[in-house]
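Structural description and commentary
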Amino acid sequence: MSFARPAGEKVVLGVGNLDAQIMFVGEAPGAEEEIQGEPFVGPAGQLLTKMIGGMGLKRPDVYIGNIMNWRPELPLSDGGTQIGNRPPTQEEMLYCLPFLRAQIEIVQPSLLVALGSTAAQGLLGFGTFKALGEVRGRWKEFAGKPLMVTYHPSYILRSQTNRSKRMIWEDLLKVMERAPLPISDKQRGYFLEK
Ligand code: URA
């Protein structure tokens with residue numbers, strides 16, 4: 001059973017394979033995630049699941065967490081529910097970071113993937129970059145693990161072009177190469193403009 005409640009009242013920790021090789025780190029739960037108690041189950045999550053499928057994996061093969069563990073609060077609408085989301089503040093992320101570190105300790109993934117600017121800021125440190133383009137597609141490090149920074153799947157929901165899909169895909173190809181995972185010619189060619 002699900003019911004509406006103000007944001008911030010339900011903790012949503014990561015899910016997935018405790019022996020996962022790859023750990024994805026997003027921003028924070030939204031409305032759907034808060035109801036289901038699982039990260040990335042709304043529209044952006046469905047896209048992430050497809051991206052994982054494109055890598056030849058299934059959702060239960062990887063681990064999926066967030067930089068913040070509950071839905072960041074906004075003033076409630078007249079109906080008493082929260083409409084919309086906001087990114088977590090630096091303070092909120094710093095508060096939640098130990099929980100992410102603990103999940104990394106338990107799962108011991110060989111690779112981390114930061115999804116979007118907020119997760120990248122939280123992991124790399126505030127002020128380490130101005131625009132995501134400065135760090136995306138590059139290997140960084142967090143908690144002693146190689147970290148690939150890429151766009152958040154919601155970016156694709158806003159800009160459904162082959163160009164934007166290809167940008168994320170190229171970052172994921174780097175993750176597959178480093179894992180290593182098998183890569184077919186078909187996979188190498190996904191989203192290339194004809
Ligand atoms: N966006 C995120 O960054 N995390 C979620 O869990 C859902 C949407």
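Cut-offs applied
Residues numbered from 1 in each chain as written. Predicted model: local features only at pLDDT ≥ 70, side-chain atom pairs only at ≥ 80, totals over all residues. Heavy atoms only, no water. Salt bridge = Lys/Arg side-chain N within 4 Å of Asp/Glu carboxyl O. Helix = DSSP H or I, 4+ residues; strand = E, 2+ residues; numbered from the N terminus. Buried < 20%, exposed > 50% of the residue type's maximum accessible area, 1.4 Å probe, protein only. Near = heavy atom within 4 Å. Polar contact = N/O pair within 3.5 Å; in protein donor to acceptor, adjacent residues only side chain to side chain. Areas by Shrake-Rupley, 256 points an atom, 1.4 Å probe, with all protein chains shown as cover. 1 Å grid on protein atoms, 1.4 Å probe; cavity = no way out; pocket = protein on both sides within 12 Å on 5 of 7 lines; lining within 4 Å. Sits in = over half its atoms within 2 Å of the grid points. Core = buried A, V, L, I, M, F, W, Y, C linked by side-chain atoms within 4.5 Å. Contact = heavy atoms within 4.5 Å. Points joined across faces, edges and corners; volume = space filled by probe spheres on them. Nonpolar A, V, L, I, M, F, W, Y, C, P; charged D, E, K, R; others polar. Pairing = 2+ DSSP bridges. Axes fitted to C-alpha atoms, helices over the stretch in contact; angles between N-to-C directions.

Here's the deal with the pattern of salt bridges
- Throughout the structure, instances matching the rule amount to 5 salt bridges.
- The salt bridge partner of E170 is R166, with a shortest N-O separation of 2.9 Å. Taken together, the residues E170 and R166, both in helix α6 (residues 162-178) and 4 residues apart, mark about one turn of the helix.

Regarding unusual backbone geometry
- With an omega of -10°, the peptide bond between A179 and P180 qualifies as cis.
- With phi around 50°, A143 is a residue other than glycine that occupies positive phi space.
- Relative to the helices and strands, A143 is located in the loop between β5 (139-142) and β6 (145-150).
- You can call A143 partly exposed: its relative accessible area is 39%.
- Residue F191 is not a glycine yet carries a positive backbone phi of 65°.
- For F191, the position within the fold is in the segment after α7 (185-188).

Focus: the site of the ligand
- Taken together, G26, E27, A28, P29, E33, P39, F40, N66 and H152 make up all the residues around the ligand.
- The contact in question runs from an oxygen atom of the ligand to an N or O atom on the backbone of F40, over 2.9 Å.
- Within the side chain of N66, a nitrogen or oxygen atom sits 2.8 Å from an oxygen atom of the ligand.
- Across the complex, the protein chains shield 91% of the 240 Å² of accessible surface that the ligand would expose by itself.
- Judged by the proximity of its atoms to the pocket grid, the ligand belongs to the largest pocket.

Brief notes about the nonpolar core
- Counting residues in each nonpolar core, the largest one holds 48 residues, and the members touching the most others are I22, F24, L48, M55 and L123.
- Taken together, the elements giving at least two residues each to this core come down to β2 (22-26), α2 (43-54), β3 (63-66), α3 (90-107), β4 (111-115), α4 (117-124), β6 and α6.
- No other element matches the 7 residues that α6 contributes to this core.
- Apart from residues lying up to four places away in sequence, M55 is in contact with I22, F24, W169, L172, V175, M176, L181 and Q187.

Side note on the environment of R101
- Structurally, R101 can be placed in helix α3.
- Considering only alpha carbons, one finds R101 and A143, 42 residues apart in sequence, at a separation of 7.2 Å.
- Filtering out sequence-adjacent residues up to four positions away, R101 remains in contact with F142 and A143.

Notes on the layout of surface pockets
- Empty space within the largest pocket amounts to approximately 320 Å³.
- Lining the largest pocket are 19 residues, with A28, P29, G30, E33 and N85 positioned closest to its centre.
- Looking at the lining of the largest pocket, the elements with two or more residues in it are α1 (31-36) and α2.
- Looking at side-chain class alone, the lining of the largest pocket contains 9 nonpolar, 6 polar and 4 charged residues.
- Here the second largest pocket is characterised by a volume of approximately 260 Å³.
- Looking at the second largest pocket, it is lined by 13 residues, and the ones nearest its centre are L47, K50, M51, K165 and F191.

Structural notes on the sheet that holds β2
- If you trace the 6 strands from one edge of the open sheet to the other, you get β1-β3-β2-β4-β6-β5, paired in mixed fashion. For this open sheet the edge positions go to β1 (15-16) and β5, each flanked by a neighbour on one side alone.
- Taken together, the 4 bridges between β2 and β4 define a ladder with parallel strand orientation. Considered in β4, the bridge of V25 is made with A114.
- On top of the sheet, α6 reaches β2, β4, β5 and β6; it is set at about 165° to β6, its chief contact.

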